[in-house]
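Survey of secondary and tertiary structure
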Amino acid sequence: MLIARLIADPEGLETRLDAVTVALEREGMPVALAQMTDFCGDVLQIALPAGDASVVRRLIDEHFTPADVLISQVDFHIPQLFVSDMDSTMIGQECIDELADFAGLKGKVAAITERAMQGELDFASALIERVELLAGMPEATIDTCLADRIRPMAGAQQLVATLRAKGCRTVLVTGGFHHFADPIAAQLGFDHVVGNRLAVADCRLTGQLAGPIVDSSVKERVLREESARIGEGAISLSTGDGANDIPMLRAATWGIAYRAKPKARAAADGAIDRGDLTAILDLLGIPRDEWVASSVG
């Protein structure tokens, strides 16, 4: 069974459902059932006896964009593991870009960041290049940047808190820095953090990294190792937005791209393009009266 769940503009929804049903049948994938779910009246579920998930995704995009969607080839359950990217996923900013602004270098650094997230540049090389530009910056500037510039993405804390309340282990894994990730993880309620470390000497950034780089391979490895600790058949969920998240998105039971770059969106099992991060809870089938209220303003 192939199951697609989606949240789209309710206006004209029935007409668009009829159109996608016809399109699926033309592809040799008849719809077995299509109905609004009981757990959330906004979620449309389309079930097919079998089919090509990539074709289903393409047709849903054609007929329902913008929408929040998740396609699964297994029954939906509460994930036992949630592994998420940080920048532009759990928070609304790219930390290194905002930090570079204090040195008057945001434009230059942000351009490199964007190309890396689009998959146009090698992530590790792009990270090293950007960190070198921060050499000499007072370490205290990070605290100022964190307080003044960095804000959680809408729905982030409620997503994490609700998953944890359901027994899910939550891990924040970032190509960014522990200086930012540790307080953000504490604020949002993550169980564990994996990230890069900025080298500091005499209370100033040296322009170097301390320790190995957290890149796409590390993100994937973290997800696989955390899953293995839970046990064979562990159900995992991952979220991210950039090219360096692709291996992690593909490795999870469900990889969901959040307001993502095209390559990451295409690689994922689902995408959030319309709502905030709590749309993931709706797509997973967690009733709203079981959501944990957010304490983050």
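For the structure itself, look to the data block above.
Residues numbered from 1 in each chain as written. Predicted model: local features only at pLDDT ≥ 70, side-chain atom pairs only at ≥ 80, totals over all residues. Heavy atoms only, no water.

1. Concerning helix 2 (residues 53-64)
In plain terms, the rule: By the criteria applied, helices consist of DSSP H or I runs no shorter than four residues and strands consist of E runs no shorter than two, each listed in order from the N terminus. Under the convention used throughout, the expected extent of a helix is 1.5 Å for every residue step, that is, one less than its residue count. Partly exposed describes any residue whose relative accessible area lies between the buried limit of under 20% and the exposed limit of over 50%, with all areas from a 1.4 Å probe on protein chains only and scaled to the type maximum. Contact between two residues is taken to exist if any of their heavy atoms lie within 4.5 Å; hydrogens are not considered.
The end-to-end C-alpha distance of helix 2 is 16 Å, a good match for the 16 Å that 12 residues give at a rise of 1.5 Å each. Buried within helix 2 we find Val55, Val56, Arg57, Leu59, Ile60 and Phe64. Contacts made by the buried residues of helix 2 are with strand 1 (2-8), helix 1 (13-26), strand 3 (44-48), strand 4 (67-72), helix 11 (262-267) and strand 12 (270-272).

2. Regarding the packing of aromatic side chains
Keep this limit in mind: By convention, a stacked pair of Phe, Tyr or Trp rings (six-membered ring in the case of Trp) has centres within 6.5 Å and planes under 30 degrees apart, an edge-to-face pair has planes over 60 apart, and any other such pair is tilted. Counting as a charge over the ring demands two things of the Lys NZ or Arg CZ atom: a distance within 6 Å of the ring centre and an angle within 35 degrees of the ring normal.
The tally for this structure, following the rule as stated, stands at 2 aromatic pairs. Aromatic side chains Phe76 and Trp254 sit 5.5 Å apart centroid to centroid with 20 degrees between the ring planes, which places their arrangement in the stacked category. One end of the pair, Phe76, is in the loop between strand 4 and strand 5 (81-84); the other, Trp254, is in strand 11 (residues 254-258), and 178 residues separate them in sequence. Looking at Phe76, the relative accessible area reads 14%, which means it is buried. The class of Trp254 is buried, set by a relative accessible area of 1%. Aromatic pair Phe82 and Phe190: ring centres 6.1 Å apart, planes at 25 degrees, arrangement stacked. Remark: Phe190 occurs in the loop between helix 8 (178-188) and strand 7 (192-196) and Phe82 occurs in strand 5; sequence separation between them is 108 residues. Both residues of the pair, Phe82 and Phe190, belong to the buried class. Positioned above the aromatic ring of Phe76 is the side chain of Arg5, whose terminal nitrogen or guanidinium carbon lies 3.9 Å from the ring centre.

3. Brief notes about the environment of Gly270
With respect to the helices and strands, the residue Gly270 is situated in strand 12. Among residues more than four places away in sequence, those in contact with Gly270 are Arg57, Val69, Leu70, Gly255, Ile256 and Ala257.

4. What about the environment of Arg151?
Relative to the assigned elements, Arg151 resides in the loop between helix 6 (140-149) and helix 7 (156-165). We classify Arg151 as partly exposed; its relative accessible area is 41%. Along the primary structure Arg151 and Glu232 are separated by 81 residues, whereas in three dimensions their C-alpha atoms are 36 Å apart. Every residue in contact with Arg151, bar those within four places of it in the chain, is listed here: Ile91, Gly92, Gln93 and Leu146.

5. Observations regarding the side chain of Asn196
Selection rule: Polar contact criterion, stated in full: a pair of N or O atoms within 3.5 Å, where within protein one must be able to donate a hydrogen and the other to accept it, and residues adjacent in sequence count only if both atoms are side-chain atoms.
Locating Asn196 in the fold gives a position in strand 7. Look at Asn196 and you get buried, because its relative accessible area is 1%. A distance of 2.6 Å separates the side chain of Asn196 from the backbone nitrogen of Val214, its partner in a polar contact. Here Asn196 is in contact with Leu127, Thr174, Gly175, Gly176, Phe177, His178, Leu209, Pro212, Ile213 and Val214, once residues within four sequence places are set aside.

6. Side note on the sheet that holds strand 12
Rule in force here: For two strands to be treated as a pair, DSSP must find at least two bridges joining them. The convention used is that axes are lines fitted to C-alpha atoms, helices contributing only their stretch in contact, and that angles between N-to-C directions extend from 0 to 180 degrees.
Sheet architecture is open: 10 strands sit in the order 2-3-1-4-12-11-10-5-6-7, paired in mixed fashion. Only two strands of the sheet have a single neighbouring strand rather than two, namely strand 2 (33-36) and strand 7. On average, adjacent strands in this sheet sit at an angle of 15 degrees to one another, irrespective of strand direction. In terms of strand pairing, strand 10 (residues 236-240) meets strand 11 through 4 bridges, oriented parallel.

7. Overview of the side chain of Gln93
On the secondary structure map, Gln93 appears in the loop between strand 5 and helix 3 (95-101). With residues near it in sequence (within four places) discarded, Gln93 still touches Asp87, Ser88, Glu98, Arg149, Ile150 and Arg151.

8. Considering the packing of helix 4 (residues 106-117) against helix 5 (residues 123-132)
Basically, it comes down to this: For classification, angles of less than 35 degrees are called roughly parallel, those exceeding 145 degrees roughly antiparallel, those between 65 and 115 degrees roughly perpendicular, and all remaining angles oblique. Residues are grouped as follows: Ala, Val, Leu, Ile, Met, Phe, Trp, Tyr, Cys and Pro are nonpolar; Asp, Glu, Lys and Arg are charged; all remaining types, including Gly, are polar.
It is the contact of helix 4 with helix 5, at a shortest axis distance of 10 Å, that shows an interaxial angle of 170 degrees. By the angle between their axes, helix 4 is roughly antiparallel relative to helix 5. Along its contact with helix 4, which presents Val109, Ile112, Thr113, Ala116 and Met117, the element helix 5 presents Phe123, Ala126, Glu129 and Arg130. Taken together, the residues of the contact of helix 4 with helix 5 sort by class into 6 nonpolar, 1 polar and 2 charged.

9. Considerations on the pairing of strand 1
The side chains of a regular strand alternate, residue by residue, between the two faces of the sheet. Of all the 7 residues making up strand 1, 7 are buried; the element is thus mostly covered by neighbouring parts of the structure. Residues Leu2, Ala4, Leu6 and Ala8 of strand 1 are buried on one face, and the alternating residues Ile3, Arg5 and Ile7, pointing to the opposite face, are buried as well. Examined bridge by bridge, strand 1 and strand 3 share 5 bridges and lie antiparallel to one another. Paired with Ala4 across the bridge in strand 3 is Ile46. Of the strand pairs in this sheet, strand 1 and strand 4 are connected by 6 bridges, and their pairing is antiparallel. Of the residues in strand 4, the one forming a bridge with Ala8 is Ala67.

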